[in-house]
Amino acid sequence: MQARAVESDAENAIARSGLRPAYTPAVMLTRWRLNMSDLPFYDRARAFLLLVALFAIADTRRRERYCAGGCSQSGVTSLMGTVHSSA
């Protein structure tokens, strides 16, 4: 994964997502089983929230490590600016 998520991020992602650790997607993540496509519909929304939290944690770490001197993310920045300015 480009964001470089690691197994140790799972517990933090569960806490950040606000989901109960007993929910199926959270249990799957703690066992590092990321194929959540076969989940029932009601668990897919939970899985989405959980994966967003996981990637946010990993991306924050990536930016701190690899972009300490500044990163050129002009495409992303301009896209984000467009999204925010249209709101």
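Residues numbered from 1 in each chain as written. Predicted model: local features only at pLDDT ≥ 70, side-chain atom pairs only at ≥ 80, totals over all residues. Heavy atoms only, no water.

Remarks on the nonpolar core
Counting 16 residues, the largest nonpolar core has Ala13, Leu29, Met36, Leu39, Leu50 and Leu54 as its most contacted members. Only helix H1 (10–17), helix H2 (24–30) and helix H3 (41–66) provide two or more residues apiece to this core. For this core, the element with the highest residue contribution is H3, accounting for six residues. (Core = buried A, V, L, I, M, F, W, Y, C linked by side-chain atoms within 4.5 Å. Buried < 20%, exposed > 50% of the residue type's maximum accessible area, 1.4 Å probe, protein only. Helix = DSSP H or I, 4+ residues; strand = E, 2+ residues; numbered from the N terminus.)

Some thoughts on the environment of Ala13
Inspection of the secondary structure assignment puts Ala13 in helix H1. Separated by 37 residues in sequence, Ala13 and Leu50 place their C-alpha atoms 6.3 Å apart. Discounting residues that sit within four places of it in the chain, Ala13 has contacts with Leu29, Leu50, Ala53, Leu54 and Ile57. (Contact = heavy atoms within 4.5 Å.)

Re the confidence of the model for the chain
Of the residues in the chain, 77% have a pLDDT of 70 or more, and the chain-wide mean is 81. Mean pLDDT across the elements of the chain bottoms out in helix H4 (residues 74–85) (42) and peaks in H1 (95). Considering only residues more than four positions removed or in separate chains, one finds that residues 74–87, a stretch of pLDDT under 50, has zero contacts. (pLDDT = per-residue confidence, 0-100.)

Some details on the pattern of salt bridges
Under the criterion given, the structure shown has four salt bridges. For the salt bridge of Asp9 with Arg61, the shortest nitrogen-to-oxygen distance reads 2.8 Å. Highlighted residues: Asp9 in the segment before H1 and Arg61 in helix H3, separated in sequence by 52 residues. Of the residues examined, Asp9 reaches a relative accessible area of 4% and is grouped as buried. (Salt bridge = Lys/Arg side-chain N within 4 Å of Asp/Glu carboxyl O.)

Section: the environment of Arg4
Within the fold, Arg4 resides in the segment before H1. Judged by its relative accessible area of 44%, Arg4 falls in the partly exposed class. Sequence separation of Arg4 and Ala58 is 54 residues, and the distance between their C-alpha atoms is 5.9 Å. Setting aside residues no more than four positions away along its own chain, Arg4 makes contact with Asp9, Ala58, Arg61, Arg62 and Tyr66.

Some details on H1
Those residues of H1 lying buried are Ala10, Ala13, Ile14 and Ser17. End-on, the buried residues of H1 take up no more than an arc of 100 degrees, which puts them together on one face. Opposite the buried face of H1, at more than 90 degrees from it, the exposed residues are Glu11, Ala15 and Arg16. Looking at the buried positions of H1, the neighbouring elements they touch are H2 and H3. Backbone geometry just downstream of H1 places Gly18 in the positive-phi region, at approximately 85 degrees. (Arc of directions from axis to C-beta.)

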